[in-house]
Amino acid sequence: MIYEVRQNGYLISTDPEKIDVELVHAYLSESSYWAKNIPEEVVRKSIANSVCFGIYENGQQKGFARVVTDKATFGYVADVFVVEASRGLGLSKWLMDSILAHPELQGFRRWVLATADAHGLYARSGFKPLANPGRWMELHNPDVYNP
């Protein structure tokens, strides 16, 4: 299912054909703190195995997010960004609203995400710190993309 919403000359779409993989890879590998040096093949694989949302203006991609999900009970929001030149327009808030409104992503028991610096954005959408962080565990390899 391709989900699309329009607002003020912008389009949010889950159409995988619209994604500018090179732009997404460049942002994640060069500008993000969470995926520095991520190989393009890993980005392509992550896109292929997630529900991806692109923000577009006149056909040019301005932002991105993806949801790792079983489409039944759980969604993990990842790789959220808006390109520098398009920030401050409310696009990230609209993107989060659109993700949470997607018809195939309803009725989940749990949504999660991790952020170092955008707590306010996600709190606006209802996200809160983990109620029981002691229940969560991780296996983390922060240097997986660094030679």
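Values in this document were obtained by computation on a predicted structure and should not be read as measured data.

Criteria and cut-off values
- Residues numbered from 1 in each chain as written.
- Predicted model: local features only at pLDDT ≥ 70, side-chain atom pairs only at ≥ 80, totals over all residues.
- Heavy atoms only, no water.
- Helix = DSSP H or I, 4+ residues; strand = E, 2+ residues; numbered from the N terminus.
- Rg over C-alpha atoms; globule rule 2.2 N^0.38 Å.
- Contact = heavy atoms within 4.5 Å.
- Areas by Shrake-Rupley, 256 points an atom, 1.4 Å probe, with all protein chains shown as cover.
- Lys, Arg positive; Asp, Glu negative; His and termini not counted.
- Charge placed at Lys NZ, Arg CZ, Asp CG, Glu CD.
- Pairing = 2+ DSSP bridges.
- Axes fitted to C-alpha atoms, helices over the stretch in contact; angles between N-to-C directions.
- Buried < 20%, exposed > 50% of the residue type's maximum accessible area, 1.4 Å probe, protein only.
- Polar contact = N/O pair within 3.5 Å; in protein donor to acceptor, adjacent residues only side chain to side chain.
- Right-handed = clockwise from strand over helix to strand, strands pointing away.

## Things to note about the overall build of the chain
Right, on to step 1. Of regular secondary structure, the chain possesses four helices and six strands.
Right, on to step 2. Written out in order from the N terminus, the α and β elements of the chain read β-β-α-α-β-β-β-α-β-α.
Right, on to step 3. On C-alpha atoms alone, the chain measures out to a radius of gyration of 15 Å, which is about the 15 Å that the 2.2 N^0.38 rule sets for 147 residues.
Right, on to step 4. Each principal axis of the C-alpha atoms in the chain carries an extent, and together these give about 45 × 40 × 30 Å.
Right, on to step 5. Of all intrachain contacts in the chain linking residues separated by at least 6 positions in sequence, the fraction that spans at least 24 positions is 57%.
Right, on to step 6. With an accessible surface of roughly 9000 Å², the chain has 49% of that area assigned to carbon and sulfur atoms.
Right, on to step 7. Counting 15 positive and 17 negative side-chain charges, the chain places the centres of these two groups 8 Å from one another.

## Observations concerning the sheet that holds strand β2 (residues 10-13)
Right, on to step 1. Strand order in the open sheet formed by six strands is β1-β2-β3-β4-β5-β6, and the pairing between neighbours is mixed. The open sheet has two edge strands, β1 (4-7) and β6 (110-113), and neither has a second partner. Between one strand axis and the next, the sheet turns through 20 degrees on average, direction left out of account.
Right, on to step 2. Strands β1, β2, β3 (51-57), β4 (60-69), β5 (74-82) and β6 of the sheet are contacted by helix α3 (residues 91-101), whose axis makes an angle of about 35 degrees with β2.

## Points about the pairing of β4
Right, on to step 1. Most of β4 sits inside the fold, with seven of its ten residues counted as buried.
Right, on to step 2. In this structure, β3 lies alongside β4, joined through seven bridges in antiparallel fashion. Within the sheet, the bridge partner assigned to Gly 54 lies in β4 and is Phe 64.
Right, on to step 3. Bridge analysis of β4 against β5 gives six bridges, and the strand direction is antiparallel. What sits directly across from Phe 64, in β5, is Phe 81.

## Notes on the environment of Gln 106
Right, on to step 1. With respect to the helices, strands and loops of the structure, Gln 106 is situated in the loop between α3 and β6.
Right, on to step 2. We classify Gln 106 as partly exposed; its relative accessible area is 42%.
Right, on to step 3. Looking at Gln 106, its side chain comes within polar contact range of the main-chain oxygen of Leu 100, at 2.8 Å.
Right, on to step 4. For Gln 106, the side chain forms a polar contact with the main-chain oxygen of His 102, separated by 2.7 Å.

## So, the pairing of β6
Right, on to step 1. For β5 and β6, the ladder comprises four bridges, and the chain directions are parallel. From the neighbouring strand, Phe 74 faces β6, where its bridge partner is Arg 110.
Right, on to step 2. Following the backbone out of β5, through α3 and into the adjacent parallel β6, one traces a crossover that is right-handed.

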